[in-house]
Amino acid sequence: MRILALDIGGTAIKSALLDGAGHILREAEAPSEGKRGGPYLMARAQAVIDGYDGYDALGVSTTGQVDARTGRIVFANDNVPNFTGTSVGERLHAYTGVPVAVENDVNAAALGEAHFGAGRGTRDFLCLTYGTGVGGAIVLDGRIYGGADGVAGEVGHILTHPEGLPCACGQRGCYEQYASTTALLRAARAVEPEIEDGRDLFARVSSRPDLADAVSAWVHEVVFGLVSLTHIFNPALIVLGGGVMSQRAVLRAVESLLYPRLMESYRGVKLAGAQLGNQAGVYGAFVLALSALEGSK
């Protein structure tokens, strides 16, 4: 048995052919040029698929809100125009002739971590990714919780600062406006405009107390959201992903601030950094495809 996995993002499409045990046999990455719109993105995905043969099912991790039951994009922002409403699952099933499963990229990453990474052996956990925004996935009893419409887990839009900064979702004061890597870099560049990215920021922090203060304020914002999520879901584990969370000092700082703010009965929650990095979506897509293949029998 062989599985084809796609991780479709706004800037790149990662792909891999895996055997039935999840070992990657071949992998590739191609630009997606998502700004050119949904129809173009789907054409790019099909071109990537054309580079593979001999697979039994296809799993797809994709940007946008996804109804995993139908494989349809419920909503996508302006990073991929005209992607909302696209029936990704139906279209790719017709194109490939094999069972297809589609899921939101953060949910897929959580499935990858559940089976191959930081979430192995844990049935109930949350997975958050900190990047351009803040993405979230809820794993309950080993499965993604999708909610009534399949789009649960938009943790980036918890209101942590009512009447605060405007958000692309139309609200003000959303968590991701304060706790994303974008927010961190905005605060850091207010201190030092020449900072290029997160790596550059953390390379400077040890010698710049003013930048260290900006990072500390951002860590507090991260923790504000985690306190609420922990009290709502009582997870055994919270997996924190995104490049910035690979900084061990950040994870330690989050831990030191989180536990004193939790009610005592919730302090059993563990924090872990994501382990799969950029391959989390591919591994999650593999898990999805296995489920689709089983469901087709």
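Predicted, not measured: the structure shown is a model, and the values here were computed from it.

Draft legend 1. Representation of the packing of helix 1 (residues 38-49) against helix 2 (residues 88-96). Contact pair helix 1 / helix 2: the axes reach a minimum separation of 11 Å and the direction vectors enclose 35 degrees. Between helix 1 and helix 2 lies a crossing of right-handed hand. Along its contact with helix 1, which presents Pro39, Met42, Ala43, Gln46 and Ile49, the element helix 2 presents Val88, Arg91, Leu92, Tyr95 and Thr96. For the contact of helix 1 with helix 2, a count of residues per class yields 7 nonpolar, 2 polar and 1 charged.

Draft legend 2. Region of the structure containing the sheet that holds strand 11 (residues 237-241). With mixed pairing, 5 strands are arranged side by side in an open sheet as 10-9-8-11-12. Edge strands, defined here as strands with exactly one partner in the open sheet, are strand 10 (143-144) and strand 12 (270-273). Taken together, the 4 bridges between strand 11 and strand 12 define a ladder with parallel strand orientation. Across the sheet, the residue bridging to Leu237 is Lys270, located in strand 12.

Draft legend 3. Summary view of the packing of aromatic side chains. Tallied over the entire structure, the rule returns 3 aromatic pairs. Ring geometry for Tyr130 versus Tyr175: centroids 6.3 Å apart, planes at 80 degrees, classification edge-to-face. One end of the pair, Tyr130, is in strand 8 (residues 125-130); the other, Tyr175, is in the loop between strand 10 and helix 4 (176-179), and 45 residues separate them in sequence. The class for Tyr175 is buried, based on a relative accessible area of 0%. In textbook terms, an aromatic cluster arises when at least three aromatic residues are bridged by ring pairs, as seen for Phe116, Tyr283 and Phe286.

Draft legend 4. Just the state of the cysteines, in detail. Evaluated as defined, the whole model comprises 0 disulfides. With no disulfide of its own, Cys167 lies closest to Cys169 among cysteine sulfurs, the gap being 3.8 Å. According to the relative accessible area criterion, Cys167 is buried, its value standing at 9%. Free of any disulfide, Cys169 has its nearest neighbouring cysteine sulfur in Cys174, separated by 3.6 Å.

Draft legend 5. Local environment of the sheet that holds strand 1 (residues 2-8). What the 5 strands build is an open sheet, ordered 3-2-1-4-7; its pairing is mixed. Edge strands, defined here as strands with exactly one partner in the open sheet, are strand 3 (24-31) and strand 7 (100-104). Direction aside, the axes of adjacent strands within the sheet are offset by 15 degrees on average. Pairing geometry for strand 1 and strand 2 (residues 12-19), over 7 bridges, is antiparallel. Residue pairing across strands places Ile8 opposite Ile13, the latter belonging to strand 2. The strands touched by helix 2 are strand 4 (57-62) and strand 7; relative to strand 7, the strand with the most contacts, the crossing angle is about 150 degrees. Contacts from helix 9 (residues 280-295) reach strand 1, strand 2, strand 3, strand 4 and strand 7 within the one sheet, and its direction differs from that of strand 1 by about 130 degrees.

Draft legend 6. Highlighting the pairing of strand 7. In terms of burial, strand 7 is largely enclosed, as 5 of its 5 residues are buried. Relative to strand 7, strand 4 runs parallel, the two sharing 5 bridges. When the sheet's bridge partners are listed, Leu58 is paired in strand 7 with Val100.

Draft legend 7. Looking closely at unusual backbone geometry. Phi at Asp141 is positive, roughly 50 degrees, even though this residue is not glycine. Residue position: Asp141 is located in the loop between strand 9 (134-140) and strand 10. In this model, Asn234 sits at a positive phi of 50 degrees, which is unusual for a non-glycine residue. Looking at the element boundaries, Asn234 is found in the loop between helix 7 (209-233) and strand 11.

Draft legend 8. Spatial organisation of the nonpolar core. Counting residues in each nonpolar core, the largest one holds 36 residues, and the members touching the most others are Leu128, Tyr130, Leu201, Val222, Leu226, Leu240 and Val254. Secondary-structure elements contributing two or more residues to this core are strand 8, strand 9, helix 5 (181-191), helix 6 (198-205), helix 7, strand 11 and helix 8 (248-261). Sort the elements by how many residues they give to this core and helix 7 lands first, with 9 residues. With near-sequence residues (within four places) excluded, Leu226 lies in contact with Leu128, Tyr130, Tyr175, Ile238, Leu240, Val254 and Leu258. Formed by 25 residues, the second largest nonpolar core is a distinct cluster that contains Leu4, Leu58, Val88 and Val100.

Draft legend 9. Representation of the pattern of salt bridges within the structure. Applying the stated criterion to the full structure yields 6 salt bridges. A salt bridge links Asp67 to Arg69; the nearest nitrogen and oxygen atoms lie 3.0 Å apart. Classification of Asp67 as buried rests on a relative accessible area of 12%. With a shortest N-O distance of 3.0 Å, Arg204 and Asp200 are connected by a salt bridge. Taken together, the residues Arg204 and Asp200, both in helix 6 and 4 residues apart, mark about one turn of the helix. The class of Arg204 is partly exposed, set by a relative accessible area of 23%. Overlapping salt bridges bring together Glu192, Arg208 and Asp210 as one network.

What counts, and at which threshold
Per chain, residues are indexed from 1 in the order of the written sequence. Side-chain atom pairs in this predicted model are given and counted only at pLDDT of 80 or more, local residue features only at pLDDT of at least 70, and totals for whole chains, interfaces and linings cover all residues. Where side-chain values are given, they derive from all heavy atoms of the structure, hydrogens and water being excluded. Each axis is a line fitted through C-alpha atoms, and for a helix only the stretch in contact is used; angles between axes span 0 to 180 degrees, taken between their N-to-C directions. A run of H or I in DSSP becomes a helix once it reaches four residues, and a run of E becomes a strand once it reaches two; helices and strands are each numbered from the N terminus. When the near helix sits turned anticlockwise from the far one by under a right angle, the crossing is termed left-handed; a clockwise turn instead gives a right-handed crossing. Every residue pair with non-hydrogen atoms within 4.5 Å of one another is taken to be in contact. Throughout, the ten residues Ala, Val, Leu, Ile, Met, Phe, Trp, Tyr, Cys and Pro are labelled nonpolar, Asp, Glu, Lys and Arg are labelled charged, and all others, Gly among them, are labelled polar. Pairing between strands is defined by DSSP: at least two bridges between the two strands are required. What counts as a ring pair is set by centres within 6.5 Å for rings of Phe, Tyr and Trp (its six-membered ring), and what kind of pair is set by the plane angle: stacked under 30 degrees, edge-to-face over 60, tilted for all other angles. Between buried and exposed lies partly exposed: a residue is buried under 20% and exposed over 50% of the maximum accessible area for its type, with that area taken using a 1.4 Å probe on protein chains only. Note on terminology: disulfide denotes any pair of cysteine sulfur atoms within 2.5 Å. We define a nonpolar core as any set of buried Ala, Val, Leu, Ile, Met, Phe, Trp, Tyr and Cys residues linked to one another through side-chain atoms lying within 4.5 Å. Put simply, a salt bridge is a Lys or Arg side-chain nitrogen that is within 4 Å of an Asp or Glu carboxyl oxygen.

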